[in-house]
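# Understanding the architecture of this molecule
These are the residues of each chain, in order.
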There are 2 protein chains.
Amino acid sequence: MLLYHDPRAPNPRRVRIFLAEKGVAYDTIEISIAAAAHQTVEFRKKNPIALLPVLELADGRILRESMAICRYVEELNPEPNLFGVDAWERAQVEQWNRHAELELLLPTTLVFRNTNPFWQGRIKQAPEFGAIMKEVLATRFDWFEHELAQRPYIAGQRFTVADITALCAIDFGKVSQIRIDAATHPNLAAWHERVSSRPTSKA
Amino acid sequence: MLLYHDPRAPNPRRVRIFLAEKGVAYDTIEISIAAAAHQTVEFRKKNPIALLPVLELADGRILRESMAICRYVEELNPEPNLFGVDAWERAQVEQWNRHAELELLLPTTLVFRNTNPFWQGRIKQAPEFGAIMKEVLATRFDWFEHELAQRPYIAGQRFTVADITALCAIDFGKVSQIRIDAATHPNLAAWHERVSSRPTSKA
């Protein structure tokens with residue numbers, strides 16, 4: 001397996017951590033977003049909408065979208081389980097992975113794209129919308145703080161793909177000066193320490 | 001089962017069509033977004049972030065997020081299959097469902113929220129960002145037009161959850177004057193006619 005990724009982007013990191021948790025070996029090709037390598041004609045043959053990551057199988061088949069890749073890896077490598085072991089747990093993990101994705105990672109990405117100098121001249125930016133997303137994120141941090149007072153991991157009593165998504169979201173906030181304040185969000189901070197201390201967080 | 005929904009919102013419609021395809025019986029409670037019923041203390045006990053749809057099981061358990069609900073329904077009611085029958089088809093369906101969601105439904109929703117008078121005074125709007133999303137959507141329509149020249153359905157040779165997501169996205173564009181132009185996008189228009197003609201599209 002070959003993973004097209006950028007070491008600095010949050011979605012490829014989700015897949016790298018997932019693969020590390022599974023202990024699956026793979027090769028990588030770096031597609032530097034800073035160098036616009038994702039926009040080349042050659043890479044667009046792998047992904048017409050120029051997004052990372054992309055997984056290429058040994059037979060040349062292409063799979064896009066982080067969660068499609070992770071689900072496929074889970075099917076081929078069931079242990080350790082990261083998507084749930086029965087219908088109800090799978091529903092809970094999916095719900096919380098979606099929450100982590102849509103309520104943490106998406107607004108964090110939208111702040112970055114709309115306010116960071118990195119994107120100036122690369123895409124059209126709307127800083128006003130970035131500011132709105134930053135306000136939304138603050139309410140979501142409050143919500144996850146409340147939730148994590150009740151259990152050690154995002155979706156329940158054990159580490160799942162929802163923790164990977166939330167970790168990559170929170171850490172990607174740094175470039176936009178969005179960080180957990182341990183004084184006001186002790187449970188979120190403790191969770192972050194818990195998941196960051198796993199060796200796979202460095203993947 | 002009890003579905004909290006708004007008949008006018010695209011995400012509840014995804015679940016209603018899915019349940020109709022499965023032939024599963026359920027009750028509904030309308031939570032009118034226009035009347036701010038999703039913001040009440042009572043509804044926030046079902047969903048703290050005030051989003052629709054929410055599924056309540058007979059035993060009182062709550063499940064949020066359209067795709068968590070649909071996956072759970074698929075597990076309990078495997079036929080007709082809408083998420084894929086083997087690992088690779090499931091990966092393809094997930095990939096295309098994600099594409100339909102993130103490249104069609106999400107930008108369509110962001111245009112609506114940031115430009116429509118409906119939201120004035122309800123949320124902070126950034127019309128400039130809405131305009132950017134409208135431009136992105138035009139490129140995504142072009143991409144799906146190209147893809148649908150090669151197969152009859154979004155994810156392959158048969159109807160899947162990815163078609164439900166794309167249908168709800170396209171139809172929700174109407175309120176923002178985003179429509180398929182059959183002259184320039186004949187394959188997309190033919191696909192839209194194909195999926196709209198299913199009785200379940202009225203669910």
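Residues numbered from 1 in each chain as written. Chains lettered and ligands numbered in written order. Predicted model: local features only at pLDDT ≥ 70, side-chain atom pairs only at ≥ 80, totals over all residues.

Residue and element names in this part refer to chain B. Direction of pairing for strand β1 (residues 2-5) relative to strand β2 (residues 27-30): parallel, over a ladder of four bridges. Residue leucine 3 lies in a different strand from β2, and its bridge partner there is threonine 28. A crossover links β1 with its parallel partner β2, the connecting element being helix α1 (residues 10-22), and its sense is right-handed. (Pairing = 2+ DSSP bridges. Helix = DSSP H or I, 4+ residues; strand = E, 2+ residues; numbered from the N terminus. Right-handed = clockwise from strand over helix to strand, strands pointing away.)

Taken residue by residue, the interface counts 26 residues in chain B and 26 residues in chain A. Where the side of chain B that touches chain A is concerned, the elements lending two or more residues are β4 (62-64), α3 (66-76), α4 (87-115) and α5 (127-147) of chain B. Among the elements that make up the side of chain B that touches chain A, the one with the highest residue count is α4(B) (nine residues). Residues belonging to the side of chain B that touches chain A are distributed by class as follows: 13 nonpolar, three polar and ten charged. (Contact = placed C-beta atoms within 7 Å. Nonpolar A, V, L, I, M, F, W, Y, C, P; charged D, E, K, R; others polar.)

So, on to the domain arrangement of chain A. All names here are of chain A. Its domain assignment divides chain A into domain 1 (2-76) and domain 2 (87-202). Inter-centroid distance (C-alpha atoms) of domain 1 to domain 2 is 21 Å. The interface is formed by eight residues belonging to domain 1 together with ten residues belonging to domain 2. The element best represented in the side of domain 1 that touches domain 2 is helix α1 (residues 10-22), accounting for seven residues. Of the residues belonging to the side of domain 1 that touches domain 2, the class tally is five nonpolar, no polar and three charged. (Domains from an automatic or database assignment.)

Residues and elements named next belong to chain B. With mixed pairing, the four strands of this open sheet are ordered in space as β2-β1-β3-β4. Two strands bound the open sheet, and with one partner strand each, they are β2 and β4. The mean inter-strand angle of the sheet, taken between neighbouring strand axes irrespective of direction, is 25°. Two strands pair when backbone bridges link them, and β1 and strand β3 (residues 54-56) are joined in this way by three bridges, in the antiparallel orientation. Looking at β3, one finds that leucine 3 is bridged to leucine 55. (Axes fitted to C-alpha atoms, helices over the stretch in contact; angles between N-to-C directions.)

Okay, unusual backbone geometry next. All names here are of chain A. Note that the residue after glutamate 79, namely proline 80, is joined by a cis bond; omega there is -10°. Tracing the chain through its elements places proline 80 in the loop between α3 (66-76) and α4 (87-115). For glutamate 65, which is not glycine, the phi dihedral falls at a positive 80°. For glutamate 65, the location among the structural elements is in the loop between β4 (62-64) and α3.

Take the sheet that holds strand β3 (residues 54-56) of chain A next. All names here are of chain A. Read across the sheet, four strands follow the order β2-β1-β3-β4 without closing on themselves; strand pairing throughout is mixed. Looking at which strands have only one partner, the edges of the open sheet turn out to be β2 (27-30) and β4. Looking at each pair of strands side by side, their axes are set apart by 25° on average, direction ignored.

Here we come to the relation of the copies chain B and chain A. With an RMSD of 0.0 Å, chain B superimposes on chain A once it is rotated by 180° and translated 0.0 Å along the axis. Within this description, the copies of the chain are treated as partners about a two-fold rotation axis. The position closest to the rotation axis in chain B is occupied by the C-alpha of Phe129(B), lying 3.2 Å away. Of the residues that chain B buries at the interface, 100% are likewise interface residues in chain A, meaning the two copies contact each other through the same surface. (Least-squares fit on C-alpha atoms with pLDDT ≥ 70 in both.)

A few words now on α3(B). Note: α-helices contain 3.6 residues per turn, so residues at a spacing of three or four share the same orientation. Along α3(B), eight of the eleven residues are buried, which leaves the element largely enclosed by surrounding structure. Where α3(B) is concerned, the buried positions are Ser66(B), Met67(B), Ala68(B), Ile69(B), Cys70(B), Arg71(B), Tyr72(B) and Val73(B). On its buried face, α3(B) sits against α4 of chain A together with α1, β3, β4 and α6 (161-172) of chain B. (Buried ≥ 20, exposed ≤ 12 C-beta atoms within 10 Å, placed from the backbone.)

Attention now moves to the nonpolar core. Among the nonpolar cores identified, the biggest contains 106 residues, and Phe18(A) and Phe18(B) are the most heavily contacted of them. Ignoring sequence-local partners within four residues, the contact set of Phe18(B) consists of Cys70(B), Val73(B), Leu82(B), Val161(B) and Ile164(B). (Core = buried A, V, L, I, M, F, W, Y, C linked by C-beta atoms within 7 Å.)

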